[in-house]
Amino acid sequence: MPAEVLEAYTLAARECVALDQVQSLASRVLGEVTGAEAGLVTTGACAALTLGTAAILARYDLRRMEKLPFTEDFAHDFLVAREQRNGYDHAVRAAGARLVEVGFHELVAGSGVRRVETWEYESAMGPTVAGILYVYDPDSQPPLQEVVAMAHAHQIPVLVDAAGELPPRENLRRLTATGADLIAFSGGKAIRGPQGTGILCGKKELIGSALLQMLDMDDHFCLWDPPEPIDRSRLRGLPRQGIGRGFKVSKEQILSLLTALKLFVCEGYREERISKEKLLQQVTARLRTSPCRCHLEVPADGESMPTLQVQLDEVRLGRSAWEVCASLRRGTPAIHVGQALLAKGTLVIHPLHLDEESTRLLADRLLEEMSTSH
Ligand SMILES: *Cc1c(COP(=O)(O)O)cnc(C)c1O
């Protein structure tokens, strides 16, 4: 977390303030930043998915709020493309939704060339469907906008998992502009807020329901003056603590995330990206004569952090990238390299946590792992 974010954290910890008022402020700020009607700070993108699902399932229905995650007597199917299924969709199921897959995953099966198509969602529509889960990625198909238009023609909301889709910063507004009803982002990834934070933004009615199912409800209805974006006129009484109560976010998390978001939106940590690139060049220079080839990967979006790919000469080394990765983890201090390309003999270095000293240490350890005496 940048120093300014830490400062916001400690400042917030010294003040006594009602949590619902802080969420109300957050809703306004998130609305301004994303263009959405309302927003909510959550304890991560996964919490945002569970809360968003709970909001779609229950809306302002007090009985449904009380029943979640048990949903057998009302619509609770969420359509999802089979090719978009992933471990994080457990967060959607946790609220009581049942995932119904549409389409196939022919590209991975090697059996075809087509992706999931909009008519496949549409032909699965029916009275048991409550929502659509869409996992956004620059290559996701069919385009989000098309799925949203089809869903809205059937009065069905779309919940988008865009947890890791920042940068580019423009996604904050662009995804909202598709008309998607709820969008989840991580606060602890590139935004660099506290690790345990996330954002849910979208339609006011749904954000209000999500907040209602997360806040403490130990009050009297006659005294209760709920914050924006909760619509009190829609309620016959005060619900009890909801399914989201276990995802309570602290005022410190909310205010430091909003501070991080401000920094991220303003300059996108540009200066830092440049200095990190220099550190990766230092590692490259140190490994010049080692049995590996270094490739500095600078993403084309001009906003993501550069990474260093160290492709090991596994034959000359007599060791696999998996072994080197494991040995780096077991060292002191433990070094965790990116593991996405290990099967291709490549270690990936993400520079976010590197400074001059740790860069020297990293290069020392890589040299050691690649020395003949190893
Ligand atoms: C990282 C990620 C999540 C989880 O985000 P948290 O903020 O850690 O809860 C969910 N979905 C996708 C696609 C992710 O990449």
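So, here is what we can say about the structure in this document. Sequence positions are assigned chain by chain, starting from 1 and proceeding in written order. This being a predicted model, a pLDDT of at least 70 is required before a residue's local features are given, and a value of 80 or more before pairs of side-chain atoms are given or counted; all residues contribute to the totals for chains, interfaces and linings. Heavy atoms throughout the structure, all of them, feed into the side-chain values; hydrogens and water do not.

## Here we look at unusual backbone geometry
The amide bond that connects Leu68 to the next residue, Pro69, takes the cis arrangement and shows omega of 10°. Numbering of helices and strands starts at the N terminus; helices are DSSP runs of H or I of at least 4 residues and strands are runs of E of at least 2. You can see Pro69 is positioned in the loop between helix H4 (62–67) and strand S2 (77–81). A cis amide bond links Glu228 to the next residue, Pro229, at an omega of 0°. Counting through the fold element by element, Pro229 comes out in the loop between helix H10 (204–212) and helix H11 (251–267). The phi angle at Arg59 is positive, at roughly 50°, despite the residue not being glycine.

## Considering the pattern of salt bridges
Salt bridges are identified by distance alone: a Lys or Arg side-chain nitrogen within 4 Å of an Asp or Glu carboxyl oxygen. According to the stated counting rule, one finds 25 salt bridges in the structure shown. Across the pair Arg98 and Asp77 runs a salt bridge, and its minimum N-O distance is 3.0 Å. Of this pair, Arg98 sits in strand S3 (residues 98–102) while Asp77 sits in strand S2, and the two are 21 residues apart along the sequence. Working definition: with a 1.4 Å probe on protein chains only, accessible area under 20% of the residue-type maximum means buried, over 50% means exposed, and in between means partly exposed. The exposure class of Arg98 is partly exposed, given its relative accessible area of 48%. A relative accessible area of 7% means that Asp77 is categorised as buried. Its salt-bridge partner being Arg169, residue Glu303 comes within 3.1 Å of it at the nearest N-O pair. Of this pair, Glu303 sits in the loop between strand S8 (292–297) and strand S9 (307–312) while Arg169 sits in the loop between strand S5 (158–161) and helix H9 (171–177), and the two are 134 residues apart along the sequence.

## Examining helix H3 (residues 45–58)
If you check H3, its first and last C-alpha atoms are 20 Å apart, about what 14 residues at 1.5 Å a residue would give, namely 20 Å. By the criterion of burial, H3 is predominantly enclosed, with 13 of the 14 residues buried. Remark: Arg59 follows H3 within two positions and exhibits a positive phi of approximately 50°. Expected helix span is taken as 1.5 Å per residue step, with the number of steps being one fewer than the number of residues.

## Focus on the nonpolar core
The biggest cluster of nonpolar side chains holds 84 residues, and the ones touching the most others in it are Phe78, Tyr121, Ile132, Leu144, Leu159, Phe185 and Leu200. The element best represented in this core is H3, accounting for 8 residues. Judged by nonpolar contacts, the second largest core, of 22 residues, contains Ala321, Val324, Ile335 and Leu362. What we call a nonpolar core is a set of buried Ala, Val, Leu, Ile, Met, Phe, Trp, Tyr and Cys residues that are connected through their side-chain atoms within 4.5 Å.

## Observations concerning the packing of helix H12 (residues 270–286) against helix H15 (residues 356–369)
Running from N to C, H12 and H15 cross one another at 30°; their axes reach a closest spacing of 10 Å. Classified by the interaxial angle, the pair formed by H12 and H15 is roughly parallel. Between H12 and H15 the crossing geometry is right-handed. Two secondary-structure elements touch here, H12 through Leu279, Gln282, Val283 and Arg286 and H15 through Glu356, Thr359, Arg360, Leu362, Ala363, Asp364, Leu366 and Leu367. Lines fitted to C-alpha atoms define the axes here, with helix axes fitted over just the stretch in contact, and angles between the N-to-C directions of these axes take values from 0 to 180 degrees. An angle counts as roughly parallel when it lies under 35 degrees, as roughly antiparallel when it exceeds 145, as roughly perpendicular when it falls between 65 and 115, and as oblique in every other case. Two helices cross in a left-handed way if the nearer one is turned anticlockwise from the farther one by less than a right angle. They cross in a right-handed way if the turn is clockwise. Residues count as neighbours in contact if any of their non-hydrogen atoms are within 4.5 Å of one another.

## Brief notes about the environment of Leu238
Note that Leu238 resides in the loop between H10 and H11. Separated by 178 residues in the primary sequence, Leu238 and Tyr60 place their C-alpha atoms 11 Å from one another. Once residues lying within four places of it in the same chain are set aside, the contact partners of Leu238 are Met217, Asp219, His220, Phe221 and Trp224.

## A short note on the packing of helix H14 (residues 321–330) against H15
Packed helices, taken two at a time, are described by the angle their axes make and the gap between the axes. Look at H14 against H15: their axes get within 11 Å of each other, and the N-to-C directions meet at 135°. When the axis of H14 is compared with that of H15, the two are oblique. Between H14 and H15 lies a crossing of right-handed hand. Touching Val324, Ser327 and Leu328 of H14 are Arg365, Leu366 and Glu369, all from H15. By the convention adopted, Pro, Cys, Tyr, Trp, Phe, Met, Ile, Leu, Val and Ala count as nonpolar, Lys, Arg, Asp and Glu as charged, and the other residues, Gly among them, as polar. A per-class count over the contact of H14 with H15 returns 3 nonpolar, 1 polar and 2 charged.

## Observations concerning the site of the ligand
Whether a residue is near a molecule or strand depends on its heavy atoms: if one lies within 4 Å, it is near. Close contacts around the ligand come from Gly44, Ala45, Cys46, Tyr88, Asp161, Ala163, Ser186 and Lys189, and that covers them all. A 3.5 Å cut-off defines polar contacts: any pair of N or O atoms within that distance qualifies, except that in protein one atom must be a possible hydrogen donor and the other a possible acceptor, and neighbouring residues in sequence count only when both atoms are side-chain atoms. Residue Ala45 places a main-chain N or O atom 2.8 Å away from an oxygen atom belonging to the ligand. We get accessible surface area from the Shrake-Rupley algorithm with a probe of 1.4 Å; when it comes to residues, only the shown protein chains can shield them. Burial of the ligand by the protein amounts to 75% of the accessible area it has alone, namely 390 Å². Partitioning the shell around the ligand into residue classes produces 4 nonpolar, 2 polar and 2 charged.

## Concerning the sheet that holds S5
Strand pairing is defined by DSSP finding a minimum of two bridges between the two strands. Pairing in this open sheet of 7 strands is mixed, and the strands run S1-S7-S6-S5-S4-S2-S3 from one edge to the other. Looking at the sheet topology across the chains shown, the edges are occupied by strand S1 (38–42) and S3. Direction aside, neighbouring strands of the sheet carry axes that sit 25° apart on average. Bridging between S2 and strand S4 (residues 129–135) involves 3 bridges; their strand directions are parallel. Bridge pairing in S4 places Phe78 opposite Gly131. Of the strands in this sheet, S1, S2, S4, S5, strand S6 (182–186) and strand S7 (198–202) touch H3, which is tilted by about 165° from S6.

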